[in-house]
2 protein chains.
Amino acid sequence: MAEDDKSHLTLRDVSEASGVSEMTVSRVLRNRGDVSAKTRARVLEAARRLGYVPNKIAGALASNRVNLVGVVIPSLSNFVFPDVLTEISRGLEETPLQPVFGTSHYDLEIEEKVIYEMLSWRPSGLIVAGLEHTDAARAMMRNCGVPVVEIMDVDGSPVDANVGISHRRAGRDMARTILAAGYRRIAYMGTVKAEDYRAAKRLEGFEQALAEAGIRFEMREHYAGGSDFRKGREMAEAVLARAPEVDFIYCSNDMIGAGAMLHCLEAGIDVPGRLGLAGFNGIDLLEGLPRRLTSMDACRAEIGAAAARIVAARALGEGDEPQRIEFAPRLIHGETLRSR
Amino acid sequence: MAEDDKSHLTLRDVSEASGVSEMTVSRVLRNRGDVSAKTRARVLEAARRLGYVPNKIAGALASNRVNLVGVVIPSLSNFVFPDVLTEISRGLEETPLQPVFGTSHYDLEIEEKVIYEMLSWRPSGLIVAGLEHTDAARAMMRNCGVPVVEIMDVDGSPVDANVGISHRRAGRDMARTILAAGYRRIAYMGTVKAEDYRAAKRLEGFEQALAEAGIRFEMREHYAGGSDFRKGREMAEAVLARAPEVDFIYCSNDMIGAGAMLHCLEAGIDVPGRLGLAGFNGIDLLEGLPRRLTSMDACRAEIGAAAARIVAARALGEGDEPQRIEFAPRLIHGETLRSR
DNA sequence: CGAATTACTGTTTGCGCTAACAGAATGGTT
DNA sequence: AACCATTCTGTTAGCGCAAACAGTAATTCG
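Predicted model, so just to flag it, every value in this text is computed and none were measured.

**Q** Describe in detail the domain arrangement of chain A, supporting the description with residues and values.
**A** The domain architecture assigned to chain A consists of domain 1 (11-54), domain 2 (66-165 + 300-327) and domain 3 (167-298). Summarising the inter-unit geometry, the C-alpha centres of domain 1 of chain A and domain 3 of chain A are found 62 Å apart.

Next up, the structure:
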């Protein structure tokens, strides 16, 4: 393939090697404009022989077009986001657009920096998780001149387009389902991260529905750090030791919920008879555990796909999609909730 | 913050707004060269007021420096890779470098395209998972003029730098450990993907060690698609139904292994007495399952960190790191392997 | 006090490419 | 033969920024 080590090959090198102008080479390599079959072949041969790789930096500057879409998410170690990313990638596959990822570690200041970095590459669009941002970040997104889609959450005021679910409603619906199943002494286990706005909104909706039924949490147990089975186990044990009367534990996510379930089964607790459990996210990876955990699908596949569609449509100027899409989180009844 | 909608602010706009030359603005914004405190303040104020975001495309073209590091991995839906990415990000945090990710879906042709795309942005370095590539991809990496680190695997010939573990050795070591524990009727459960070269190498090493002990697999069960508990359960059930004499199942990864474990426990099979189980990757997320699965740590944190270090050192010209690093996969004995 | 140094700011040039336009070659039509 | 349309190729200019160099003013020093 490549023969030359002079690692700064330019259009000029290819044009000299093939005996045509730089412009013609450019046209061939971009499939733009008419070029005779013979010339095309010569150019392609030369490019391949030299191992030429076009310089998109220069191309982007000259054409004022950058086929990148910035995607800003809180973290990669949370199941949810890799899923969404995968779906966004798939959604952009048929377009000339390419996603570029950045993570904010659930920190709005970092998020602001990441957005700034992304915008400094003048992408064709931006997809950002969540509706909470610093003022500066919001201003940048408002003025960047490209489509911005805020995803995952719809409880708030988007800067531009918005695709997600209502986490408040998700919490409320889950609470009502649990109450309808007859549980009354309910505990919460969730992250202590104030920056997980969506978990906070679910909790808020949940508590609101409880309040409407004249009920309050028996207790709330918080944790810091990542979510895994072990943490769920330990916390469930602690909760049940301190408040044995509890008959349901609502968990802020599926990993914790599954850990709690594993503890209960091992401790010989009747699930869902004596104690019910529910999580959030509908992580299908967990299918195959001894009991299917009651959960709620966050529609992350749909969200990723819709966000990709909106950005693509707007960036490529092919008509405008509806700009606000709210999906309805689907209850996954599972086997850790009495059905009656 | 921003006031103007004219979304194409340039250095000139800031320079006019602050009454200095473009060059001085550029210097202020990059903290390069001496600028008086007064001028600096004026420029910063103007930039902030206008909502100016520098154009890195232009900056990169002019300076011939792009502070991006391309990272090419097979997939995001595999635990392992988000982990490595996170570690690479962390490793680059203290440098001016920023990672940019792309996925190949375990397809070398796609990988070639992704590498081509990445190189067309003229990054400061490239980190690629695996040692298997198309000839064209290898040629591009050889001639791109920036540090290239192939990660995860060391069984093969790297183009440039290389950090990883020997999967062959990992398989061999695991087999020996299993044999030493007295198991003799061994089955394999793994992906059918011929493109998962590392899993194939582990299998190869494993079989070699078995052969040295005069043993062959009782059976090999393959599956396609993603790895989850359910699949592990189903396959374990199938294996034990067809070959009840099997006393150990070696699984190509932890998810499958954990699924198999869940099946066995539910079926009342004595683990590890009657049947032993092992996986691969040492996924700590799984801690908290009823039994700790025997596994092998793939050193993905160390690999990510080392790759980041090498790229940073080479790209920033701060001396050269050792170019080939092999980590030793650590056995995680777990509770699904007899200890004797 | 003049020269040398330092501190700061400006000018010119070009990175590698593409948009826009201009021109040449070819073929068909009247 | 003159004309036009079509097909192909080349020329010019400039995208927004930073490197290199060129000042100018303020300060230091012998």
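**Q** Tell me about the interface of chain A and chain B, and please be specific about residues and values.
**A** Each partner contributes to the interface: chain A provides 56 residues, whereas chain B provides 55 residues. Of the roughly 4900 Å² buried between chain A and chain B on both sides combined, carbon and sulfur atoms contribute 62%. Measuring nitrogen to oxygen at the nearest pair gives 2.8 Å for the salt bridge that ties R230 of chain B to E287 of chain A. At the surface where chain A touches chain B, the tally comes to twelve residue pairs in polar contact (both at pLDDT 80 or more). Among the elements of the structure, α4 (56-63), α5 (80-92), β2 (98-103), α6 (108-119), α7 (135-143), α10 (229-242) and α11 (254-266) of chain A are those that each provide at least two residues to the side of chain A that touches chain B. Broken down by class, the residue content of the side of chain A that touches chain B amounts to 32 nonpolar, twelve polar and twelve charged.

**Q** For the protein's contact with DNA strand C, give the residues involved together with the corresponding values.
**A** DNA strand C sits among 23 residues. The nearest are L11, S26, Y52 and R65 of chain A together with T39 of chain B. When the atoms of DNA strand C within 4 Å of the protein are sorted by group, sugar and phosphate make up 67%. Contact distances for DNA strand C include 2.4 Å between a phosphate oxygen and a side-chain N or O atom of S26 of chain A. For the surface near DNA strand C, the secondary structure elements donating two or more residues are α2 (22-30) and α4 of chain A together with α2 (22-30) and α4 (56-63) of chain B. Here the element with the most residues in the surface near DNA strand C is α4 of chain A; it accounts for four residues. In terms of residue class, the surface near DNA strand C is built from ten nonpolar, nine polar and four charged.

**Q** Hey, could you go over the pairing of strand β5 (residues 161-165) of chain A for me, with residue numbers and the actual values?
**A** Residues and elements named next belong to chain A. Counting buried positions along β5 gives five out of five residues, so the element sits mostly inside the fold. With burial as the criterion, each face of β5 is covered, one bearing A161, V163 and I165 and the other bearing N162 and G164. Pairing of strand β4 (residues 148-153) with β5, which is carried by five bridges, proceeds in the parallel orientation. Along β5, the bridge assignment pairs I151 with V163. Bridge analysis of β5 against strand β11 (residues 324-327) gives four bridges, and the strand direction is parallel.

**Q** Please set out the relation of the copies chain A and chain B residue by residue, giving values where relevant.
**A** Between chain A and chain B, which share one sequence, the superposing operator has a rotation angle of 180° and an axial displacement of 0.0 Å; the RMSD is 0.1 Å. Given the turn and translation reported, the copies of this chain are related as if by a two-fold rotation axis. Relative to the rotation axis, the C-alpha of I57 of chain A is the closest in chain A, positioned 2.8 Å from it.

**Q** How would you summarise the protein's contact with DNA strand D if you had to cite specific residues and measurements?
**A** Residues in close proximity to DNA strand D total 24 residues, the closest being T39 of chain A together with L11, S26, Y52 and R65 of chain B. Here the atoms of DNA strand D within 4 Å of the protein split so that 67% fall in sugar or phosphate, with bases taking the remainder. Residue L61 of chain A places a main-chain N or O atom 3.4 Å away from a base oxygen belonging to DNA strand D. Backbone polar atom of N55 of chain B to a phosphate oxygen of DNA strand D: 3.4 Å apart, as the coordinates give it. For the surface near DNA strand D, the secondary-structure elements that each account for two or more residues are α2 and α4 of chain A together with α2 and α4 of chain B. Taken together, the residues of the surface near DNA strand D break down into eleven nonpolar, nine polar and four charged.

**Q** Kindly report on the sheet that holds strand β8 (residues 248-251) of chain B, identifying the contributing residues and their values.
**A** Residues and elements named next belong to chain B. Spatially, the four strands line up as an open sheet ordered β7-β6-β8-β9, and their pairing is parallel. Either end of the sheet is taken by a strand with one partner, and the two such strands are β7 (219-223) and β9 (276-278). Looking at each pair of strands side by side, their axes are set apart by 15° on average, direction ignored. Two elements, β8 and β9, share three bridges in a ladder whose sense is parallel. Across the sheet, residue I249 finds its bridge partner in β9, namely L277. Against the sheet, helix α9 (residues 197-212) contacts β6 (186-191), β7 and β8, and its axis sits at roughly 170° relative to β6. Taken strand by strand, helix α10 (residues 229-242) contacts β6, β7 and β8, and its axis lies near 150° from that of β7.

**Q** Could you give an account of the pairing of β6 of chain B, naming the residues involved and the relevant values?
**A** Consecutive side chains of a regular strand alternate in pointing toward one face of the sheet and then the other. Residue and element names in this part refer to chain B. The buried count for β6 comes to six of six residues, which makes it a mostly enclosed element. Relative to β8, β6 runs parallel, the two being bridged by four bridges. Bridged to A187 within β8 is I249. Where β6 meets β7, five bridges bridge the pair, whose relative direction is parallel. Within β7, the residue paired with M189 across the bridge is E221. On the question of chirality, the crossover connecting β6 to the parallel β7 by way of α9 is right-handed.

About the cut-offs
- Residues numbered from 1 in each chain as written.
- Chains lettered and ligands numbered in written order.
- Predicted model: local features only at pLDDT ≥ 70, side-chain atom pairs only at ≥ 80, totals over all residues.
- Heavy atoms only, no water.
- Domains from an automatic or database assignment.
- Contact = heavy atoms within 4.5 Å.
- Buried area = accessible area lost by both parts, 1.4 Å probe.
- Salt bridge = Lys/Arg side-chain N within 4 Å of Asp/Glu carboxyl O.
- Polar contact = N/O pair within 3.5 Å; in protein donor to acceptor, adjacent residues only side chain to side chain.
- Helix = DSSP H or I, 4+ residues; strand = E, 2+ residues; numbered from the N terminus.
- Nonpolar A, V, L, I, M, F, W, Y, C, P; charged D, E, K, R; others polar.
- Near = heavy atom within 4 Å.
- Buried < 20%, exposed > 50% of the residue type's maximum accessible area, 1.4 Å probe, protein only.
- Pairing = 2+ DSSP bridges.
- Least-squares fit on C-alpha atoms with pLDDT ≥ 70 in both.
- Axes fitted to C-alpha atoms, helices over the stretch in contact; angles between N-to-C directions.
- Right-handed = clockwise from strand over helix to strand, strands pointing away.

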